[in-house]
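# A closer look at the structure
Given next are the chains, with one letter for each unit.
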Amino acid sequence: MKEQVEQVLGPLGARAWVHAVDLDTGSEVGYGEYGLVPLASVFKVPVLVELFRRFGDGRLSPAERLDVPASGRSAGPTGLSVMADPIELSLRDLAYWMMSVSDNAATDILVGLLGVDAINATLRELGLTRTRVDGTCDDLYQTMYEDVPEGAGPEAMRAARAVDPERTQHSGTPREVTRLLAAIWRDEAAGPGECAEMRRILGLQAWPHRLRAGFTEPGARVSAKTGTLPFWRNEAGVVEVDGGRYAVAVFLRTEDHRYRQPAADACVGTLGRLAVDHLRSSEVLVWSADHLRSRRSGARRPGMVRAVTPEAIQEQASRLGAEIWLHARDLDTGESVGIGENTPVVTASVFKVPVALELARQSAAGEIDLTQRVTVPAEGKVPSPYGLAAHRDHVVVSYRDLAQLMMVISDNVATDLVLDRVGKDRVAALLAELGLGAPPYRRTAPRFWALSRRTSARPTATTNASLSRCRLSDCERCARSIRLRPAAPRPRRSPACWPASGARRRQRRRPAPWYTAGWAPRSGHTA
């Protein structure tokens, strides 16, 4: 496998540390698997394990609720870190946000509750002697503030403690990371019920651009956790494909410190695929250099083509067996180009844009208080692969943060609540006012149920323990494990939500480093 890995890494000028193990046979393969690496957000897996061990022995209750104020949250690009108002939710739903969208604020709340000493003691008990968790996400950022002054270049970032395996806050080896994942899948990390819930949460990660990119065949399931730092692109998880189960950990170091590196992200999936295919003793496919060439070279990104005319775009779509409708407009000159731009199309979740606009208009007119909080019940929610639909318990959240969830992760539950509040007729009137054709607006839930009835396919309980506790009768997350049966009567619509009292607090929190992810930049800098 060594030559194939180096063939993939060559065009990127990157280094990699990889390990994979067959959970059923114990066979394993690696490339630098004993090397120490910064875990970045992969360290949240040990936090998850310690939390669920406490759920299992009764020291903590998974339904215990916390009212998280808006101020004092750790910085980050997603989740509670970017929500503007107080939110009330349970411990197990905090764990969901920590893993699904790598929420730093949720993580630090849990690390503060558990303590790093207890987390490390559990790692030692499970046989992980080189993996360590020495602080929170905020502690990691503090070292970056200290080591990388404003205006510093890549060399200062390259020398920062956060990206050095020996000095970072969270480090480990690929081999130990797969050992921890194996313990979760074999019900050894905690009790069977707790391990099943951890598997469910790991399967709800929202990011499909790294490890999952290497496993595109129907029926493949990837349950994983990403990790990102300047220069580092990581992901570790369990791949279930063709009846096999494989724990895979890939840690990639590039020479590019920028946050967005599509070629490097794709490389993580390719390396994971190489390792799994080696264990399966099947033919290994290696991406060509053209597919993995770095963006800094100015070459094409993976899967992208240069097309300067509509005809060239249509020709490329035809080669892919696809149809395309598009329109682009230069906002300065007004010039535009299109292909079938006047053809009615299915907008899918793009319809949420005018919903958000109408919410903003009503807020500006004083019709809606965005800080007003509503209680979202645990039951009766529209199916969605992530977001509020995945919560085990009710959550109390503001309309402003519902809008954030609707737009950032396309949360269907949040969308229906916002649409109910602003009114479908008002959204249609807005579109008419803007000179846009206004299709009839419907809530997300009835459209899902209608689709279920037309296809006569409904997800049902399976023998897979990781899905056995799913609280949704129709659930996209379980789509790979469904069987067909006659459609049942239409479920009831989601229960009404009511305003929840709560003092409005002004949000005060420390910004993240300006160079990491386009988060709150310091003065004089743009991300």
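Structure first, text after, so check above.
A brief look at the structure comes next.

Thresholds, definitions, all that
- Residues numbered from 1 in each chain as written.
- Predicted model: local features only at pLDDT ≥ 70, side-chain atom pairs only at ≥ 80, totals over all residues.
- Heavy atoms only, no water.
- Helix = DSSP H or I, 4+ residues; strand = E, 2+ residues; numbered from the N terminus.
- Buried < 20%, exposed > 50% of the residue type's maximum accessible area, 1.4 Å probe, protein only.
- Contact = heavy atoms within 4.5 Å.
- Areas by Shrake-Rupley, 256 points an atom, 1.4 Å probe, with all protein chains shown as cover.
- Axes fitted to C-alpha atoms, helices over the stretch in contact; angles between N-to-C directions.
- Parallel < 35°, antiparallel > 145°, perpendicular 65-115°, else oblique.
- Nonpolar A, V, L, I, M, F, W, Y, C, P; charged D, E, K, R; others polar.
- Phe/Tyr/Trp six-rings, centres within 6.5 Å; stacked < 30°, edge-to-face > 60°.
- Lys NZ or Arg CZ within 6 Å of the ring centre and 35° of its normal.
- Lys, Arg positive; Asp, Glu negative; His and termini not counted.
- Salt bridge = Lys/Arg side-chain N within 4 Å of Asp/Glu carboxyl O.
- Polar contact = N/O pair within 3.5 Å; in protein donor to acceptor, adjacent residues only side chain to side chain.
- Arc of directions from axis to C-beta.
- Pairing = 2+ DSSP bridges.
- Left-handed = near helix turned anticlockwise from the far one by under 90°.

### Focus: the overall build of the protein
Across its full length, the protein holds 17 helices and 17 strands. Here the protein holds 527 residues, and the buried ones make up 51% of them. Pairs at least 24 apart in sequence give 69% of the contacts found in the protein among residues at least 6 apart. Of the roughly 23500 Å² that the protein leaves accessible, carbon and sulfur atoms contribute 50%.

### A closer look at the packing of helix α2 (residues 44-57) against helix α5 (residues 116-125)
It is at 9 Å that the axes of α2 and α5 come closest, and there the two elements cross at 90°. As far as their axial angle goes, α5 and α2 are roughly perpendicular. Residue-level inspection shows Pro46, Val47, Val49, Glu50, Arg53 and Arg54 of α2 in contact with α5, the latter providing Ala118, Ile119, Thr122, Leu123 and Glu125. A breakdown of the residues in the contact of α2 with α5 according to their chemical character gives six nonpolar, one polar and four charged.

### A short note on the packing of aromatic side chains
Across all of its chains, the model carries three aromatic pairs by this definition. Residues tryptophan 17 and tryptophan 232 carry aromatic rings whose centres are separated by 5.3 Å and whose planes lie at 35° to one another, so their mutual orientation is tilted. One end of the pair, tryptophan 17, is in strand β1 (residues 15-22); the other, tryptophan 232, is in strand β9 (residues 232-241), with 215 residues separating them in the sequence. Each of the two residues, tryptophan 17 as well as tryptophan 232, counts as buried. Centre to centre, the rings of tyrosine 96 and tryptophan 97 are 5.1 Å apart; their planes meet at 65°, and the pair counts as edge-to-face. Here tyrosine 96 and tryptophan 97 have matching classes, each one buried. Here the guanidinium or amino end of arginine 253 rests over the ring plane of phenylalanine 231, the centre of that ring lying 5.2 Å away. Just above the ring of tyrosine 399 sits the side chain of arginine 421; from NZ or CZ to the centre is 5.9 Å.

### Observations regarding the side chain of glutamate 33
Position of glutamate 33 relative to the elements: it lies in the loop between β2 (28-31) and β3 (37-38). The side chain of glutamate 33 is buried and forms no salt bridge, while arginine 175, the nearest opposite charge, is found at 5.3 Å. A polar contact of 3.1 Å, which involves the side chain of glutamate 33, links it to the backbone nitrogen of tyrosine 31.

### Some remarks on the pattern of salt bridges
Any two side chains of opposite charge can pair, on the condition that their charged atoms come close. As enumerated under the stated definition, the model contains 30 salt bridges in all. A salt bridge links aspartate 85 to arginine 400, with the nearest nitrogen and oxygen atoms 2.6 Å apart. Of this pair, aspartate 85 sits in the loop between β4 (65-68) and β5 (87-90) while arginine 400 sits in helix α14 (residues 399-408), and the two are 315 residues apart along the sequence. The partner of arginine 273 in a salt bridge is glutamate 217, with the nearest N and O atoms 2.9 Å apart. Of this pair, arginine 273 sits in helix α10 (residues 262-280) while glutamate 217 is found in the loop between α9 (192-202) and β8 (221-229), placing the two residues 56 residues apart along the sequence. Taking relative accessible area as the criterion, arginine 273 reaches 18% and is therefore assigned buried. Where salt bridges share partners, they join Glu217, Asp242, Arg273, Asp277 and Arg280 into one cluster.

### Quick notes on unusual backbone geometry
Excluding glycine, residues mostly carry a negative phi; peptide bonds, for their part, are mostly trans. The backbone of aspartate 242 sits at a positive phi, close to 50°, despite the residue not being glycine. Assignment of secondary structure puts aspartate 242 in the loop between β9 and β10 (244-253). For alanine 348, which is not glycine, the phi torsion reads 50° and is therefore positive. With respect to the element layout, alanine 348 can be found in the loop between β12 (336-339) and α13 (352-364).

### Structural notes on α5
Those residues of α5 not exposed but buried are Ile119, Asn120, Thr122 and Leu123. Along the axis of α5, the buried positions cluster into a sector of 155°, meaning they face one direction only. Exposed side chains of α5 directed beyond 90 degrees from the buried face belong to Asp117 and Glu125. Buried-residue contacts for α5 involve α2, α4 (104-114), β6 (132-133) and α8 (174-185).

### Details of the sheet that holds β6
Consider a sheet: its strands pair through backbone hydrogen bonds, and that pairing is either parallel or antiparallel. A sheet is described by the order of its strands in space; here three strands give the open sequence β3-β7-β6, paired in antiparallel fashion. The sheet is open, and its two borders are formed by β3 and β6, each paired with just one other strand. Note: β6 against strand β7 (residues 170-172), two bridges, orientation antiparallel. Of the residues in β7, the one forming a bridge with arginine 132 is serine 171.

### Considering the sheet that holds β2
Strand order in the open sheet formed by five strands is β2-β1-β10-β9-β8, and the pairing between neighbours is antiparallel. Whereas interior strands pair on both sides, the edge strands pair on one side only; in this sheet they are β2 and β8. Within the sheet, the average angular offset between the axes of one strand and its neighbour, ignoring direction, is 5°. The strands touched by α8 within the sheet are β1, β2, β8, β9 and β10, with β10 carrying the most contacts at an inclination of about 150°.

### What about the packing of α2 against α8?
Packing of α2 against α8 brings their axes to within 11 Å, and their N-to-C directions diverge by 35°. Judged by the sense of rotation from one axis to the other, the crossing of α2 with α8 is left-handed. For the pair formed by α2 and α8, the contact residues are Val45, Pro46 and Val49 on the first element and Leu180, Leu181 and Ile184 on the second. A class-by-class count of the residues in the contact of α2 with α8 yields six nonpolar, no polar and no charged.

Geometric values such as these leave the question of function open.
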